Amino acid sequence: MSISRGKALVQMILNQDVSKNRDLTNPDNLSINQCSNGENKENPSIVFFESEECIPKINWNLAQLTPAQNIVIEECSVAASAWSETIINSNTSPQDFSNREPNDIFNGSTENLSTGSDEGSNFEPGSDNLGCSESESSDNNDTGDDLAEDQHGTINTDDRGGNENASSNTEKSEDQGTRDIVPLKKRKMSREQRFQNKRLRMLGQCYNGLQKDPSEGNYKLTNIAARKMGPTCSSRVCKNSKVFFCPSFHENDRKLLFDSFWKTLTWDMKRTYLSSLVDYVPSKRMKENSRRKGTLIYYLKKGTQKLRVCKKMFLSTLNVNEWIVREYSKKLHGITEAEENVLHPRRNRHSNDQRRITMQTFLEELPKMPSHYCRSSTSKLYLEPTFQSKAELYREYQRYCATKNENSCSQQLFNEEIKKQKIGIFRPRKDQCDVCISHKLGNIDEDTYQKHQASKIAARNSKENDKGRCQTEPKKILVITADVQAVKLAPMLKASAIYYKTKLCVHNYTIYNLFNSEVTCHLWDETQGGLEANMFATMLSDYLQNHLLNEPDTKEFIIYSDGCGYQNKNATVANALLKFAIDNHVTVYQKYFEKGHSQMEVDSVHSTIERRLKNRDIYLPTDYIAVCKEARNRNPYNVKYMKYTDFRDYSKVKYYSSIRPGRKPGDPQVNQVHCFMYSPEGIINYKLQYKDEWQVLPTRSHLDQYEVTQLYDTKQNIKQDKFNHLQHLKQVLDQQFWEYYDNLPHA
């Protein structure tokens, strides 16, 4: 029975307004003479269930039911007994129900009902001391998860591990009792079930836990038994010792400590309590190469006294594991990293075995590449885009181990190794702004953040204004946005053989016309050219020149892009645009978005192409031509496949040797410029902010006649290793594609 339906039922049973529920509170319908404790017959709205057999048999008057009552009546006859189990088995007096709201009964702690008092409880409804983190979706993320796991400890394993009520990989339906069996998956547990299990687990009571079946590989619902206090210390050494006071604690004293620890403390309180009862004493005399660095001393409290006991007495009384006590003590007392290995002898159990070596070999064999968007700000290497998640990568690792007839490491160790080697699955696009995130964390002052926001808004407003101008004067003004798509690969197939081989890189430089939404995609692979400033200067100049041939009256060319240095903001591209302005007597503006906020229309083109690439095989780099053309049905994209003979060398054009707006230390840098203007007179003006006035670049110009020559004479060689890998990949390709890969130039 769901919580919402149960709340509705409690609302009706505990409703103090008898006049609104005459049929419900009628003694004949509720059988109060059978269900009540006999002390509250004068007030029939208070019902106390003494046993499961005394559950009320309600005869509903369908004509007078409210909508909430209609929801409950569907399953009341079957689910009421299961729902009221907590109330029936408790020792709560009727007054406890009459003085509480129905929502408090559900949201509050059922354990408080069993004690008959709310005093001293840390689990009030809505409190933060419930032992649950904000991410309630995973029980394993709790701070005190380790306290509830007994597989690493030695205390009470028989009481908790041998429960006869353990169930299979099914859960009884709440709506139909034991009649129907519903399959259970870990991710399918309701939020109410997880929340209730967390609280019961924190209180040391019986709860439904999910355990993974090693044979079947799925999760089974298991009834975890309640925590029980272990046996007392019976050692003769402690009995005759003047240091240990184990005999001073009688069963009642131990029971009081056990109950106060498990029934009144949250996970954070438990951690603090354990840490306060354990002292760490460094070793005074240590042998050479000894791993033992110190000793843990255990105490228990008797009244206001803190008496030392042996480790067995301490762990048995509180029913906790030794390793978690050591963990809390380490954090509290600041044990060094060397001592940490002593306290966790199993932590590095796979450090030198064959499994870890095989895992490292697998990761080394995977082809990697640097980030295309943030090379200067990250040292990570990213896998080629053949894996969609770490789980998929781990499954491939398991298959890799199976082919070698070796055992695989756990997924936790696998993820740790990925992090250690600084390997990323996805190449970041830097959509999140560093300044905005730093401000949210309080690392940047308000003035800097406000300037950043003002610059972001100014750039977007400038683009909208220019877009409006080109709509009114399309033949005089051209406004475009330009960007490079993430690196593509060829071949790209759903075959495991490509996971371990490097492939050809394919690039796409896209230009979007804001007037008519026309798109031009410039495609080329690494044998035709790399990612140098000359490539972008060539493609941008050619696009502007072709537009000028079709629209000779155009006098202003406005280019919006991000501030990527090697792509848009460098002296080579600036000199190429200045040459175009001088040769054609036009004005060219190059404007940049604020860092972290470079969303523009051309991004939608790349997103559309990515969707078209899903579940599509790529055999040759030229296959991307068809993908780009088919990406948009109406007004398809124009595609130009660039060859090495198309690229020109603009690095020899030296109108300006530098585009830095300053000369001495402390002057503005290139990355602070937001606008450049290239005039037909051969002058470059700049703006640091959109609201500023145009200023002349302080660098001396050289207005000479510069000849632009072809950049490459032949195709570019690829590395020998990549060529060998591509030859191995031919086994998953049709023979009609073999000739292309056989003729690739290589060193």
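Residues numbered from 1 in each chain as written. Predicted model: local features only at pLDDT ≥ 70, side-chain atom pairs only at ≥ 80, totals over all residues. Heavy atoms only, no water.

A.B. asks: Would you explain the overall build of the protein chain in this entry?
C.D. replies: Tallying secondary structure elements over the protein chain gives 29 helices and 22 strands in all. Within the span of the protein chain, comprising 747 residues, buried residues form 46% of the whole. Long-range pairs, those at least 24 residues apart, make up 68% of the contacts in the protein chain with a sequence separation of at least 6. Per element, the accessible surface of the protein chain, about 39,800 Å² overall, is 46% carbon and sulfur. (Helix = DSSP H or I, 4+ residues; strand = E, 2+ residues; numbered from the N terminus. Buried < 20%, exposed > 50% of the residue type's maximum accessible area, 1.4 Å probe, protein only. Contact = heavy atoms within 4.5 Å. Areas by Shrake-Rupley, 256 points an atom, 1.4 Å probe, with all protein chains shown as cover.)

A.B. asks: Quick question: what am I supposed to make of the state of the cysteines here?
C.D. replies: Structurally, a disulfide amounts to a covalent bond that connects the sulfur atoms of two cysteines. One pass over the structure, following the stated rule, counts 0 disulfides. No disulfide involves C238; its sulfur sits 3.7 Å from the nearest other cysteine sulfur, which is in C233. Residue C409 stays outside any disulfide, its sulfur separated by 7.2 Å from that of C401, the closest cysteine. (Disulfide = S-S within 2.5 Å.)

A.B. asks: Just to check I follow, could you spell out the packing of aromatic side chains for this structure?
C.D. replies: The geometry of an aromatic ring pair is captured by two quantities: the separation of the ring centres and the angle between the planes. Counted under the stated rule, the structure contains 22 aromatic pairs. Seen in terms of ring centroids, Y397 and F414 are 5.0 Å apart; in terms of plane orientation they differ by 20 degrees. Their pairing is stacked. In this pair, Y397 is assigned in helix α20 (residues 390-403) and F414 in helix α21 (residues 411-420), connecting sequence segments 17 residues apart. Taken individually, Y397 and F414 each receive the classification buried, so the pair is uniform in this respect. Directly above the aromatic system of W267 lies the positively charged group of K270, at a separation of 5.2 Å from the ring centroid. (Phe/Tyr/Trp six-rings, centres within 6.5 Å; stacked < 30°, edge-to-face > 60°. Lys NZ or Arg CZ within 6 Å of the ring centre and 35° of its normal.)

A.B. asks: Looking at this structure, I do not really get the environment of I324. What am I missing?
C.D. replies: Here I324 is to be found in helix α17 (residues 322-333). The class for I324 is buried, based on a relative accessible area of 0%.

A.B. asks: Even after reading the chapter, I still don't get the pattern of salt bridges, so can you show me in this structure?
C.D. replies: Where charged atoms from two side chains of opposite charge approach closely, those side chains can pair. One pass over the structure, following the stated rule, counts 21 salt bridges. A salt bridge links K488 to E610, with the nearest nitrogen and oxygen atoms 2.1 Å apart. Within this pair, whereas K488 is found in strand β12 (residues 488-490), its partner E610 is found in helix α26 (residues 602-613), the two being separated by 122 residues in sequence. Between K579 and D583 there is a salt bridge, and its shortest N-O distance comes to 3.4 Å. (Salt bridge = Lys/Arg side-chain N within 4 Å of Asp/Glu carboxyl O.)

A.B. asks: Please explain the sheet that holds strand β5 (residues 278-282) as it appears in this structure.
C.D. replies: On the basis of which strands lie adjacent, the open sheet formed by 3 strands has the order β5-β6-β7 and antiparallel pairing. At either margin of the open sheet sits one strand with a lone partner, and together these are β5 and β7 (305-309). Each strand of the sheet is rotated relative to its neighbour by a mean of 35 degrees, with strand direction disregarded. (Pairing = 2+ DSSP bridges. Axes fitted to C-alpha atoms, helices over the stretch in contact; angles between N-to-C directions.)

A.B. asks: What should I look at first to understand the nonpolar core in this one?
C.D. replies: Generally speaking, a soluble globular protein has its nonpolar side chains buried in company with each other. Judged by nonpolar contacts, the single largest core of 66 residues is most densely connected at F362, L366, L393, F414, I609 and Y741. A per-element tally of this core places α20 first, with 5 residues. Beyond its immediate stretch of four places on either side in the chain, I609 contacts Q485, N508, C521, V627, C628, A631 and Y637. Of all hydrophobic cores here, the second largest spans 44 residues; its members include A482, A537, I659 and Y706. (Core = buried A, V, L, I, M, F, W, Y, C linked by side-chain atoms within 4.5 Å.)

A.B. asks: So what exactly am I meant to see when it comes to unusual backbone geometry here?
C.D. replies: Glycine aside, a negative phi is what most residues show, and trans is what most peptide bonds show. Backbone torsion omega between A490 and P491 reads 0 degrees, so that peptide bond is classified as cis. One non-glycine residue, H585, lies in the positive phi region at around 55 degrees. Secondary-structure assignment places H585 in the loop between α25 (571-584) and β16 (587-592).

A.B. asks: How do you make sense of the packing of α20 against α21 when you look at a structure like this?
C.D. replies: Working note: a packed helix pair is described by the angle between its axes plus the distance between those axes. One can describe the packing of α20 onto α21 by two numbers: an axis separation of 11 Å at closest approach and a directional angle of 110 degrees. Overall, the two elements α20 and α21 adopt an arrangement that is roughly perpendicular. Between α20 and α21, the contacting residues are K390, A391, L393, Y394 and Y397 on the first element and Q411, F414, N415 and I418 on the second. Looking at the contact of α20 with α21 residue by residue, the class counts come to 6 nonpolar, 2 polar and 1 charged. (Parallel < 35°, antiparallel > 145°, perpendicular 65-115°, else oblique. Nonpolar A, V, L, I, M, F, W, Y, C, P; charged D, E, K, R; others polar.)

A.B. asks: I keep staring at helix α27 (residues 623-631) and nothing clicks. Help me out?
C.D. replies: Because an α-helix completes one turn every 3.6 residues, residues spaced three or four positions apart along the sequence face the same direction. Of all the positions in α27, only Y624, V627, C628 and A631 are classed as buried. Axial view of α27: buried residues confined to an arc of 95 degrees, hence all on one face. Summarising the contacts, the buried residues of α27 are in contact with β12, β13 (504-513), β14 (519-525), α26 and β17 (638-641). (Arc of directions from axis to C-beta.)

A.B. asks: Just to check I follow, could you spell out the packing of helix α19 (residues 354-365) against α21 for this structure?
C.D. replies: Interaxial distance between α19 and α21 falls to 11 Å at its minimum, and their mutual angle equals 50 degrees. As summarised for this structure, α19 and α21 are arranged oblique, according to the angle between their axes. Where α19 crosses over α21, the two elements pack in a sense that is right-handed. Two secondary-structure elements touch here, α19 through R356, M359, Q360, F362 and L363 and α21 through L413, F414, E417 and I418. Taken together, the residues that form the contact of α19 with α21 break down as 6 nonpolar, 1 polar and 2 charged. (Left-handed = near helix turned anticlockwise from the far one by under 90°.)

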